[in-house]
Amino acid sequence: MDMHSFLLVFWIGVAGLSLLLYVVLDGFDLGVGILSLVACDEDRRGLMMASLSSVWDANETWLVLLGGVLFGAFPPVYAALLQGLYIPVIVMLFALIMRGVAFEFRHASGRKWLWNFTFGLGSLGAAVSQGVILGALIQGWPTEAGNYVQSGWHWLTPFTLLTALGVVLGYALMGAGWLILKSTGEMQDRAYQRGFWLLMGTLATGVLVLALTPLQNAHIAARWTGSSALPYALAGGVAVFAALLTIWAYLKRHEYWPFLGTLLLFTASFTGLVGSLYPYAVMPGLTWNAAAASTGTQLFMLVGILPLIPIMLIYNGYQYLVFSGKVDGVAYGEDHSG
Amino acid sequence: MSATLVTDLSRAQFALTALFHILWPVLTIGLSFFLVVIEALWLKTGDVDYYRHARFWAKLFVLNFGVGVVTGLPLEFEFGTNWAEFSRFAGDFFGAVLGFEGAMAFMLEAGFLGIMLLGWKRVPRGVHFFATLMVAVGASLSALWIVMANSWMQTPAGGTVVNGHFVVTDFWAAMFNPDMIWGVSHMWVAALEVGCFVVGGVSAWYVLKNRNPAFFMKSLKMAVLAAVLITPLQIFLGDGSGQSVFAYQPAKGAAIEGHWHTNPLGQGAPWAVVAWPDAEKGGNDWALEVPNVLSVLATHSWDGQVKGLLDIAPQDRPPALPLLFYSFRLMVAIGFYFFALMALSLWQAWRHGWHEQDWQQRSWLLKGWLWAVPLGYVAVEMGWIVREVGRQPWLIYGVLRTSEGASKLPASSVMFSIAGYSLLYIVLAIAFFIFARRWLRKGPDLTLKPPQAPPHAWQDRRT
C-alpha cells in the first residue's frame, strides 16, 4: 500500500471515528436533553442535567475534531458539506449554542425552568438538524464546481424528515439508557418505560429508513445487492443482534445493557449506512480520493494528531471513571456552586 | 451585484461572530493562568484564602468559558459555510492547523474542565492541580493554532498555488510565517493582560466598597505584580508587530497611519497623531503631524522609507480608513493607560505598602482599575479590527481576494444566519451580564473549607 492510499484510509478512518464517537456520545447527551422536555418537574430535569455536567463539553468536542479533520485532510468535503447544507448546519449551531449556555447558566440562575427548557429545546433542535443532515447525505444534492447553486431546499424532503425523526428517537433512546445507568428509584423506572417505547419507535423508523434508502440512492442500492453486499449484511446482522439484545435488556430491566446494547445498535447501523456511501463523501460526484488534501498535508496532520488520539481516549475515559456511579443532585450542585 | 452582496454579508457575519467570540477566550486564557497560580499558592502555603479565591474566580471562569466554547463552534464551521472557496483554496494548510486546534487544544481544555470544576472532592489535590494546569495549557494552545492560522493569512508562506489551490511545500515556513511570532505573542499577552486587569479591577471594586478588602488586596497585589511584567512586554510586542506590518503588509501599515506619500530617501516620514483620511480625495482632510516619527515607528530609523497609500494600486488599498486609523490609536492609548496604571500602583505599593486602608484613601487609583476592566476588551476588539480590516481587500494577503473566497449562497440564507446570530448573541450577552453582576454582588464564600480529597481517584468517588 503506497503512502497516498494509506493516508487516505487513515484519515477516512479518523473522520469516521470522530463522527461515530460524536454521534454516540453527544447522542446520549442530546437524548437526555430531549427527554428532559417531558420530565415531570424541575428537580428531575436538574438531576438529568447534572448527570451530564462533567461530560457534555468533552462529548461535543468530537464534533470539533470532526470539523478540523475534514477541513485539514479533505478540504473540498468540508467546503461542500457546509456550503450545501448551510441552513441545517446553521440551525444545528444555533441549537448547540442554546443548549451549551443553558447548561452553564442554569447554575447561576434563579429561573431554572427557563434554562432547562432552553437546554431541552436546543437538544431537540440539534438532533433534528443532524437527522436532516443524515437524510440529505443519503439523498445527495446536485452541485456545480462543488457548490449547491440552485434555489430551493434540497435538504427538506419527506425522507429527511423521516431520518430526523429516527435520529431524535434514537438519541432519546440512548439518553434513556444513560439515565437508567445514572439514576435510581422512580426516575429509573420512568427511564425503563420510556426507553422501551423509544426502542420500539427507533426500530420501526430505522426499518422504514432502511427500506427507503435504496430508493433514494442508486449507488447504495447497488452496494447492498451486488457482490459487495457481504459487509453490509454483516453490519445488518450485528444491528439485528444488538436490537434483540436491547429488547432483552429492557424486558429483564438490566442496569447497563440497555445503554450498551443501544450503543452497539447505533454503531452497527451507523457503520453500515455511512460505509455504503463509500467511495463517495458527498453524493453525487465527490469522492474521498478526489477530495484528499496533498499527501504532505495528510502526513503532517498524522504526525501531529495520531499521538493525541490515544491520549484523548484515555483521559476522556478517565473522566467517565471519576464521575461514574449514580448521579446525586446534591453533591453535584454543591460542587458546582459552593 | 448579488455576489458582492453575499460576500459583504458573509464578511459582516464573520466580523460579528469573530468579534463576539474573541471577548470570551481572552478572559479564559488570562483567568486560567491566574487560577493555576492561585491553586499553586494554596498548595504551597496552605493559606485557605487562596483556596477560596480559586473557588470564587472559578465561578466567573465557568460562566465565561461556557460562552467562549459555544461561540467558538460557529467559527470552526463558518469557513465552510460562508467561505467554501477559501476552504478549498487554503485547506491544505489552514485546515490542517484548525485540525490541530480541534485535536490538541480544545480536547485538552474541555477534557480536563470537568475535573477542574467538579472534581475538588473526587480527585487528589495533585490531580486537580494538573487538571487546572491542562485547562490553561489547552486554552493557550488553542490561541496558538488559531492565531498561527490567521497570521498565515496575513503573511502567507511555505507553498505555491497549483491548479487553483494552495499546496504546502514547507510546513515549517508556513507555520512560522513572518507574522506568526508577533501575532501569536501579541494576542496571547493581550489575553493575559485582559485577565490581569479583570482580576485587578474586580478586586479593586471590592476594596473600594470595603467588602472583604483584605481578602481582595491579595488578588489586587497579584494583578499589580503581573502587570509589571505584562504591560511593558505588550508595548514591546505591539511595536514589533507594527514593524512587521510595515515590512510585510505595507498597504495595511499606510492605511493604519493615514500615510499617503512615500517619503523620499533621506527624509523621514511624518506621523499623523490625529487626521481624517479620505479615500476619495487620496489624502487626509486634515492632520496634526509630527515629523520623522512614522519612520521611527515603522523602521526604527530616523529617515526610513515608508510606502504611502498613493503608491499602492487603488484596488489593493484597505477600505474604511478612518476606522483603521482610530481603532489603532485607541488600542495603543489603552496599552499606555495600562502601563501608567501599573506604574502608579507600583508607586503606591512602594510608598505605602499593600494595606487596604491606604489604597482606599486613593480611590482614584482603584477607580482607574475599574475602568481597566472594559478597556482591555476594547483594546482587543480594536486590535482585531485593525488586523482584519487592514488585510482587506485580501483574504490571504496578496494571494486570494476576499471576493474570490466567499461561498456562493443565496443572500437570504446569510441574512437568516446573521439575524439568528445577532439575536442569540444579544441574549447571551445580556444573560452573561446579569449572572456576572450577581456573582459580583454575592462575593466570595469566606467560610469554605478545603475538601478532604480522596488519596486516590478510584476510592470514595461515589460520595
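Residues numbered from 1 in each chain as written. Chains lettered and ligands numbered in written order. Predicted model: local features only at pLDDT ≥ 70, side-chain atom pairs only at ≥ 80, totals over all residues.

Scanning chain A for helices and strands turns up 15 helices and two strands. When the backbone C-alpha atoms are referred to their principal axes, chain A occupies close to 55 × 40 × 40 Å. For chain A, with 338 residues in total, the buried portion stands at 55%. For chain A, the share of sequence-separated contacts (at least 6 apart) that also reach a separation of at least 24 residues comes to 78%. (Helix = DSSP H or I, 4+ residues; strand = E, 2+ residues; numbered from the N terminus. Buried ≥ 20, exposed ≤ 12 C-beta atoms within 10 Å, placed from the backbone. Contact = placed C-beta atoms within 7 Å.)

So, about the overall build of chain B. If you tally the helices and strands in chain B, you get 14 helices and six strands. The C-alpha radius of gyration of chain B comes to 24 Å, within 12% of the 23 Å expected for a compact globule of 463 residues. When burial is assessed residue by residue, chain B has 52% of its 463 residues classed as buried. (Rg over C-alpha atoms; globule rule 2.2 N^0.38 Å.)

For the rest of this paragraph, the subject is the environment of L220 of chain B. Of note, L220 of chain B is situated in helix α7 (residues 213–248). Distance in space between the C-alpha atoms of L220 of chain B and D49 of chain B is 14 Å, their sequence separation being 171 residues.

The subject of this paragraph is the interface of chain B and chain A. Facing 63 residues of chain B, the contacting portion of chain A comprises 60 residues. The dominant element in the side of chain B that touches chain A, judged by the number of residues it contributes, is helix α3 (residues 84–118) of chain B, at 23 residues. Of the residues contributing to the side of chain B that touches chain A, the split by class is 36 nonpolar, 17 polar and 10 charged. (Nonpolar A, V, L, I, M, F, W, Y, C, P; charged D, E, K, R; others polar.)

Take the environment of G200 of chain B next. Residue and element names in this part refer to chain B. With respect to the helices and strands, the residue G200 is situated in helix α6 (residues 180–208). In sequence terms G200 and Y421 are 221 residues apart; their C-alpha atoms lie 32 Å from each other. In this structure, G200 is in contact with L220, A223, V224, W369 and A372, ignoring residues within four places of it in sequence.

Below, the discussion takes up helix α4 (residues 75–84) of chain A. Burial analysis of α4 of chain A places 10 of its 10 residues in the buried class, which makes it a mostly covered element. Of the positions making up α4 of chain A, those classed as buried are P75, P76, V77, Y78, A79, A80, L81, L82, Q83 and G84 of chain A.

Packing of helix α5 (residues 86–105) of chain A against helix α14 (residues 411–442) of chain B leaves a shortest axis separation of 10 Å and a crossing angle of 5°. By the angle between their axes, α5 of chain A is roughly parallel relative to α14 of chain B. Of α14 of chain B, the residues touching α5 of chain A (which contributes Y86, I87, I90, F94, I97, V101 and F105 of chain A) are S413, S417, G420, L424, L428, A431 and F435 of chain B. Class assignment for the residues of the contact of α5 of chain A with α14 of chain B results in 11 nonpolar, three polar and no charged. (Axes fitted to C-alpha atoms, helices over the stretch in contact; angles between N-to-C directions. Parallel < 35°, antiparallel > 145°, perpendicular 65-115°, else oblique.)

Quick look at helix α4 (residues 125–154) of chain B now. Helix length check: α4 of chain B, at 30 residues, gives a terminal C-alpha distance of 43 Å against a target of 44 Å (1.5 Å per residue), a fit within 8%. The buried fraction of α4 of chain B amounts to 22 of the 30 residues, a majority that puts the element mostly inside the structure. (Expected span 1.5 Å × (residues − 1).)

If you look at the biggest cluster of nonpolar residues, it comprises 255 residues, and the most contacted ones within it are F74, V77 and V168 of chain A together with M148 of chain B. Of the residues forming this core, the biggest block, 18 residues, is contributed by α3 of chain B. If near-sequence neighbours (up to four positions away) are discounted, F74 of chain A is found in contact with A281, W288, A291, A292 and A293 of chain A. (Core = buried A, V, L, I, M, F, W, Y, C linked by C-beta atoms within 7 Å.)

Further remarks concern unusual backbone geometry. At the junction of Y278 of chain A and P279 of chain A, the peptide bond is cis and its omega measures out at 5° in the coordinates. Positioned with a positive phi, N163 of chain B is a non-glycine residue whose angle comes to about 50°. Unusually for a residue other than glycine, N292 of chain B sits at a positive phi of about 70°. Position of N292 of chain B relative to the elements: it lies in the loop between β4 (283–290) and α9 (293–299).

Before going further, it helps to examine the pairing of strand β2 (residues 165–168) of chain B. Each regular strand shows side chains that alternate between the opposite faces of the sheet. Side chains F166 and V168 of chain B of β2 of chain B all project onto a buried face; the interleaved residues H165 and V167 of chain B project onto a face where none is buried. Count of turn residues in the strand β1 (residues 159–162) of chain B/β2 of chain B antiparallel hairpin: two residues, of which N163 of chain B carries a positive phi of about 50°. (Pairing = 2+ DSSP bridges.)

Quick look at the pairing of strand β3 (residues 271–278) of chain B now. All names here are of chain B. Strand direction decides the pairing type here: β3 and β4, joined by six bridges, are antiparallel. From the neighbouring strand, P277 faces β4, where its bridge partner is N284. Hairpin connection, β3 to β4: the antiparallel pair is bridged by four residues, and G282 has positive phi, about 75°.

Let us look at the environment of G120 of chain A. All names here are of chain A. Here G120 shows up in helix α6 (residues 112–139). On the neighbour-count criterion, G120 (25 C-beta atoms within 10 Å) is buried. In the structure, G120 is positioned 21 residues away from R99 in sequence and 7.1 Å away in space, judged by C-alpha atoms. Leave out the neighbours within four places in its chain, and G120 touches G33, I34, S36 and L37.

Another aspect to go through is the packing of helix α10 (residues 321–352) of chain B against helix α12 (residues 363–389) of chain B. Residue and element names in this part refer to chain B. Their axes nearest at 8 Å, the elements α10 and α12 cross at an angle of 150°. One finds that α10 runs roughly antiparallel with respect to α12. Our pair here, α10 against α12, has a crossing hand that is left-handed. When grouped by side-chain class, the residues that make up the contact of α10 with α12 number 20 nonpolar, six polar and no charged. (Left-handed = near helix turned anticlockwise from the far one by under 90°.)

Our next topic: the confidence of the model for chain A. Residue-level pLDDT values for chain A average 86, and 97% of them are 70 or greater. Confidence, expressed as mean pLDDT per element, reaches its minimum in chain A at helix α15 (residues 329–337) of chain A with 42 and its maximum at helix α7 (residues 158–182) of chain A with 93. (pLDDT = per-residue confidence, 0-100.)

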